[in-house]
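Notes for the structure review
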Amino acid sequence: MTTPIDQVPAHLREIAEVVVAEAAADERLLAVVAGGSIATGTSDEYSDLDLVLVCTPEGHAAVLADARTFAGRLGPLLTSFTGEHVGERRLLIALYGPPLLHVDLKFVTQEDLRERVEDGLVLWQRDDTVDLTPGGPARWPQRDPQWIEDRFWGWVHYVGVKIARGELFEAIEGLGALRSVAIAPLAVLGRTPKPSGVRRLETLAPELVPQLRETVATADRDDCLRALKASVELYRKVRDSSGVVVERRTEAERVVAESLTDFK
């Protein structure tokens, strides 16, 4: 008989089983839910283990404070750190090995699940009456095309100034942001229910790969400027072909695009 654990990739299955056993032994834990590629059935041999551990309301603070100890019981823990860099203090990111395994452990209450980005695969549940989908369906964050258009030309000017000033590594960072925050969300509209920056962009929009390559620059002033102009052209293409109606910032587009030709 197939169990939820059987849907976890082979290289992650053993540690997933240990997590379930540890959770079952702790009365403060109510469920273990796998998210990410496991939940969507797209996992492979490179996948991480993304787990949500649902806690009792009264036990949540103590479990969260004890997160590193919990992680240390799961296997040969090399390092762990909390997720403030992604705005999530309830997240513990752990690296085990050898063999190297990346495991995300997010400790939440049932009430916290009202604001969730996905409904995961339940690996274990203490009580079948626990509601793991409170507040209706999950809502994956979608970047608003108008929000992008309102900002894009200001971002282009910012990157252009950095190139002119010779801050090339800052410019390269900016070019990456243009791809991730502006170009990619428009490029994958209608192609995936869960857009995530440039992740899997090569397979979601393979016809754009040649133009996407042109938006990547080396630490050279002329090359950064070339890549910025390529980013502008690709943004225009995905914006105009996305089928979404936005109020174009026409004057900003004209003035900023023309300014790129003034660079010496």
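Anything mentioned here points back to the structure above.
Quick caveat: nothing in here was measured; it's all calculated off a predicted structure.

**A short note on unusual backbone geometry**
Residues other than glycine predominantly adopt negative phi, and peptide bonds predominantly adopt the trans conformation. The amide bond that connects Gly97 to the next residue, Pro98, takes the cis arrangement and shows omega of -5°. Mapped onto the elements, Pro98 comes out in the loop between β4 (88–96) and β5 (101–109). Cis geometry marks the peptide bond from Pro98 to Pro99, where omega comes out at -10°. Relative to the helices and strands, Pro99 is located in the loop between β4 and β5. Its identity is not glycine, yet Arg200 carries a phi of approximately 60°, on the positive side. Here Arg200 shows up in the loop between α6 (168–187) and α7 (201–204).

**Topic: the pattern of salt bridges**
Within the structure shown, the criterion is met by 24 salt bridges. Among the ionic pairs, Glu167 bridges to Arg165, the shortest N-O distance being 3.0 Å. Residue classification places Arg165 among the exposed positions, given a relative accessible area of 54%. When the shortest N-O distance is used, the salt bridge between Glu233 and Arg236 registers 2.7 Å. With a gap of 3 residues between them, Glu233 and Arg236 both fall in helix α9 (residues 221–241), about one helical turn apart. It is possible to trace a salt-bridge network through shared partners that takes in Glu149, Glu233, Arg236, Arg239, Asp240, Arg248 and Glu253.

**A closer look at the packing of helix α5 (residues 145–165) against helix α10 (residues 250–259)**
Two elements in contact, α5 and α10, have axes whose closest approach is 9 Å; the angle formed by their N-to-C orientations is 15°. Taken together, the axis directions place α5 and α10 in an arrangement best described as roughly parallel. As α5 packs across α10, the resulting crossing turns out to be left-handed. Here Trp153, Val156 and His157 of α5 lie close against α10, whose contacting residues are Ala252, Glu253 and Val256. Each residue belonging to the contact of α5 with α10 can be placed in one class, and the counts come to 4 nonpolar, 1 polar and 1 charged.

**Let's talk about a nonpolar patch on the surface**
On the surface, Leu78, Leu95 and Leu100 cluster together into a nonpolar patch covering about 290 Å² of accessible area. Within the secondary structure, Leu100 sits in the loop between β4 and β5. Judged by its relative accessible area of 64%, Leu100 is exposed.

**Things to note about α10**
Among the residues making up α10, those that are buried are Glu253, Val256 and Ala257. All buried residues of α10 fall inside an arc of 100° around its axis, so they share one side. Where α10 is buried, its residues meet α5 and α9.

Basis of the calculations
- Residues numbered from 1 in each chain as written.
- Predicted model: local features only at pLDDT ≥ 70, side-chain atom pairs only at ≥ 80, totals over all residues.
- Heavy atoms only, no water.
- Helix = DSSP H or I, 4+ residues; strand = E, 2+ residues; numbered from the N terminus.
- Salt bridge = Lys/Arg side-chain N within 4 Å of Asp/Glu carboxyl O.
- Buried < 20%, exposed > 50% of the residue type's maximum accessible area, 1.4 Å probe, protein only.
- Axes fitted to C-alpha atoms, helices over the stretch in contact; angles between N-to-C directions.
- Parallel < 35°, antiparallel > 145°, perpendicular 65-115°, else oblique.
- Left-handed = near helix turned anticlockwise from the far one by under 90°.
- Contact = heavy atoms within 4.5 Å.
- Nonpolar A, V, L, I, M, F, W, Y, C, P; charged D, E, K, R; others polar.
- Patch = residues over 30% accessible without salt bridge, like charges linked within 9 Å, V, L, I, M, F, W, Y side chains within 5 Å.
- Areas by Shrake-Rupley, 256 points an atom, 1.4 Å probe, with all protein chains shown as cover.
- Arc of directions from axis to C-beta.

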